[in-house]
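An overview of the molecular structure
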Amino acid sequence: MIRNRSELTTTDGRETALACVEAGVRAAHPRSVVRETVTRSGDALSVLDAEYDLTEYDEVVVVGGGNAAGHVAAALEDVLGDRLDRGAVVTDDPSSTERVEVLPGDHPVPSERGVEGARAVLDVAESATADTLVLAVITGGGSALLPAPAGDVTLADLQATTDELLACGADIHEINAVRKHLSALKGGQLARAAAPATVVGLLLSDVNGDDRSVIGSGPTAPDESTFADAVSVLEAYDVTVPERVAVRLRRGADGDAEAVDGSDAPAATAGDASVVETPTRDDPVFDRVTNHVLANGFTALDAAREAAAERGYETMLLSSSVRGEAREAAKTHVAVAEEVLATGNPLSAPAVVLSGGETTVTVSGDGEGGPNQEFAASAAVELDADGVTLAAVDTDGIDGATDAAGAVVDADTVEAGGADAARAALAENDVTPFLAERDALIRTGATGTNVNDLRVLVVESED
């Protein structure tokens, strides 16, 4: 899985850290996840603890998007066989399918082909009837891969707005409050398009707390955010957005948005001057909608913990929802390692401490990097004890907009006197070249999944 594994495994600590990373990502792959959570026995389709009688539906279709959507669609074909009729999903990591159309898109910044794919997904959803079972596959990355600009908002407007939001330090809830109100699909609007069909959301979560309204910007989940919330985010972070975006959001916040209940709400299609608020939890469009989280960050963390235990390490899950500025969160992780070595608390070495979640980066420079690489670079500055190793990756294999999943570092990564260079790279948000020069980048390519970040802190026994 890790393409440059042999170059990176120069110590036992690095080998353990990377083995844990691989175990975690592998456990969260859709093939493994679907096999464990979705089964069919005759006409009975089981999703976790829920059961659906396939004889009640004239057709079964798949819609959705995200980094893992193509692999989920392929796995669903294996489960359902000829009982699956058709479908369309958008992804940046395609998989071979026979009945579901797997369409290309781009992540983390939306693209024209993503717009075309999202339109195809909406077409399938809108063709559903009361006798259709819609399996809605929503995974991490769905927000960018299913752009569907609403009203007169253009793709270029979405791209510019997304760039600004990703750079300003806003968290995923705030970013999605804006994106949902610029979309014809997000914030429960895919469910609105499919009504009155039965909609079963199959979600792979890449967000802290598994909030259904945040995963992929919640296409099948009720949305409690409003146009006013979206405007507040832009104001709070002093974000400059294109005029069409500002006008649309301001119209909605000023009360021009139509609060329409039920499936008769007009679609927010391109060129449509109407501004329709996203549906809330009491909207009738959700009467026949159920969302199931099939995998999340804990799926990867649990497998990584098991891999460490098998190697004889004491293990601890620090948190599955670490958030905040990446470089600051890294210092806390290093402090935990120092405490393990100094006092044997909260556990004794040899130990592996794991964390998940999603940190952010406030961009002030003009370099190349991502949250996990900044996390690793910041940790490398602080590490001064032999036998401590940290690996930090995004489980989709793409950290920020780079071709690296993250990085692995130890006390040797920043050589004596090299801390100033590391700090300069962090100040310019240009840590990718810094880590590449030190053979610290982890390269996996697209992994087929996305369940948030995974960090492995290995603390060896002192000699």
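Rules of the game
Residues numbered from 1 in each chain as written. Predicted model: local features only at pLDDT ≥ 70, side-chain atom pairs only at ≥ 80, totals over all residues. Heavy atoms only, no water. Pairing = 2+ DSSP bridges. Helix = DSSP H or I, 4+ residues; strand = E, 2+ residues; numbered from the N terminus. Contact = heavy atoms within 4.5 Å. Axes fitted to C-alpha atoms, helices over the stretch in contact; angles between N-to-C directions. Phe/Tyr/Trp six-rings, centres within 6.5 Å; stacked < 30°, edge-to-face > 60°. Lys NZ or Arg CZ within 6 Å of the ring centre and 35° of its normal. Parallel < 35°, antiparallel > 145°, perpendicular 65-115°, else oblique. Left-handed = near helix turned anticlockwise from the far one by under 90°. Salt bridge = Lys/Arg side-chain N within 4 Å of Asp/Glu carboxyl O. Buried < 20%, exposed > 50% of the residue type's maximum accessible area, 1.4 Å probe, protein only. Polar contact = N/O pair within 3.5 Å; in protein donor to acceptor, adjacent residues only side chain to side chain. Core = buried A, V, L, I, M, F, W, Y, C linked by side-chain atoms within 4.5 Å. pLDDT = per-residue confidence, 0-100. Right-handed = clockwise from strand over helix to strand, strands pointing away.

1. Focus: the sheet that holds strand S15 (residues 453–459)
Reading across the sheet, the six strands line up as S10-S11-S15-S12-S13-S14 and stay open at both edges, with mixed pairing between neighbours. Sheet topology places strand S10 (314–322) and strand S14 (441–442) at the edges, where each strand pairs with a single neighbour. Here strand S12 (residues 388–394) pairs with S15 via seven bridges, running antiparallel. Bridge pairing in S15 places Leu390 opposite Leu457. Helix-sheet contacts for helix H13 (residues 326–343) involve S10, strand S11 (351–357), S12 and S15, and the interaxial angle to S15 is about 25 degrees. Seen against the sheet, helix H14 (residues 371–382) touches S12, strand S13 (406–410), S14 and S15 and runs at an angle of roughly 165 degrees to S12.

2. Observations concerning the packing of aromatic side chains
This structure, assessed with the given rule, holds zero aromatic pairs. The cationic tip of Arg455 hangs over the ring face of Phe375; the distance from NZ or CZ to the ring centre is 5.0 Å.

3. Quick look at the packing of helix H3 (residues 30–37) against helix H4 (residues 69–80)
If you want to describe how two helices pack, look at the angle between their axes and the distance between the axes. As a packed pair, H3 and H4 sit with axes 9 Å apart at the nearest point and diverge in direction by 40 degrees. Taken as axis vectors, H3 and H4 run oblique relative to one another. Considering the relative orientation of H3 and H4, their crossing is right-handed. Facing H3, whose interface residues are Pro30, Arg31 and Val34, H4 presents His71, Val72, Ala74, Ala75, Leu76, Asp78 and Val79.

4. Here's the deal with the packing of H13 against H14
Running from N to C, H13 and H14 cross one another at 45 degrees; their axes reach a closest spacing of 8 Å. One way to sum up the angle between H13 and H14 is to call them oblique. The interaxial crossing formed by H13 with H14 has right-handed handedness. Contacts between H13 and H14 involve Ala326, Arg327, Ala329, Ala330, Lys331, His333, Val334 and Glu338 from the first element and Pro371, Glu374, Phe375, Ser378, Ala379 and Glu382 from the second.

5. Re the pattern of salt bridges
It is possible for side chains bearing opposite charge to pair when their charged atoms get close. Counted under the stated rule, the structure contains 23 salt bridges. The salt bridge partner of Glu374 is Arg327, with a shortest N-O separation of 2.9 Å. With Glu374 in helix H14 and Arg327 in helix H13, the pair connects residues that are 47 residues apart, well separated along the chain. Overlapping salt bridges bring together Arg5, Glu15, Glu22 and Arg311 as one network.

6. Quick word on the sheet that holds strand S2 (residues 44–47)
If you trace the three strands from one edge of the open sheet to the other, you get S1-S2-S3, paired in antiparallel fashion. Strand pairing shows two members of the sheet lacking a second neighbour, strand S1 (38–41) and strand S3 (50–53), which therefore form its edges. Here the strands of the sheet are splayed against their neighbours by 20 degrees on average, with no regard to which way each runs. Where H4 meets the sheet, its contacts fall on S1 and S2, and the angle it forms with S1 comes to roughly 20 degrees.

7. Some thoughts on the side chain of Thr91
Within the fold, Thr91 resides in strand S5 (residues 86–91). The exposure class assigned to Thr91 is buried, which follows from its relative accessible area of 2%. In this structure the side chain of Thr91 is engaged in a polar contact, spanning 3.1 Å, whose partner is the backbone nitrogen of Asp93. If near-sequence neighbours (up to four positions away) are discounted, Thr91 is found in contact with Gly66, Asn67, Ala68, Ala69, Gly70, Val102, Leu103, Pro104, Gly105 and Leu145.

8. Notes on the nonpolar core
Residues Phe375, Val388, Val409, Leu435, Leu457 and Val459 are the most contacted members of the largest nonpolar core, which totals 37 residues. Elements represented by at least two residues in this core include exactly H13, S11, H14, S12, S13, helix H15 (419–427), helix H16 (431–437) and S15. Broken down by element, this core gets its largest block of residues, eight residues, from H13. Beyond its immediate chain neighbours, meaning those up to four positions away, Leu435 contacts Gln373, Ala377, Ala407, Val409, Ala440 and Leu441. One finds Ala118, Leu122, Val134 and Val199 within the second-largest nonpolar core, a separate group that totals 34 residues.

9. Looking at H3
Those residues of H3 that fall on the buried side of the exposure criterion are Pro30, Ser32, Val33, Val34 and Thr37. Of the surrounding elements, those touching the buried residues of H3 are helix H2 (12–27), S1, S2, H4, strand S8 (198–204) and strand S9 (289–295).

10. Here we look at the confidence of the model for the protein
Across the protein, the average pLDDT comes to 94, with 95% of residues at or above 70. Contacts from residues 259–263, a stretch scored under 50 in pLDDT, to residues over four places away or in other chains number 13 contacts. A low-confidence stretch, residues 265–272 (pLDDT under 50), is modelled with 25 contacts involving residues beyond four sequence positions or located in other chains.

11. Comments concerning the pairing of S5
Of all six residues making up S5, five are buried, and the element is well covered by its neighbours. In this structure, strand S4 (residues 59–65) lies alongside S5, joined through five bridges in parallel fashion. Its bridge partner being in S5, Val63 is matched across the sheet by Ala88. Each parallel crossover has a hand, and for S4 linked through H4 to S5 it is right-handed. Note: S5 against strand S6 (residues 100–104), five bridges, orientation parallel. By the bridge assignment for S6, Ala88 is matched with Glu101.

12. Describing the environment of Leu18
Along the chain, Leu18 falls in helix H2. Using a relative accessible area of 0% as the deciding quantity, one classes Leu18 as buried. Taking the C-alpha atoms as reference, Leu18 lies 19 Å from Glu358; in sequence the two are 340 residues apart. Contact partners of Leu18, with chain neighbours within four places excluded, come to Ile2, Arg5, Leu8, Thr9, Val408 and Ile442.

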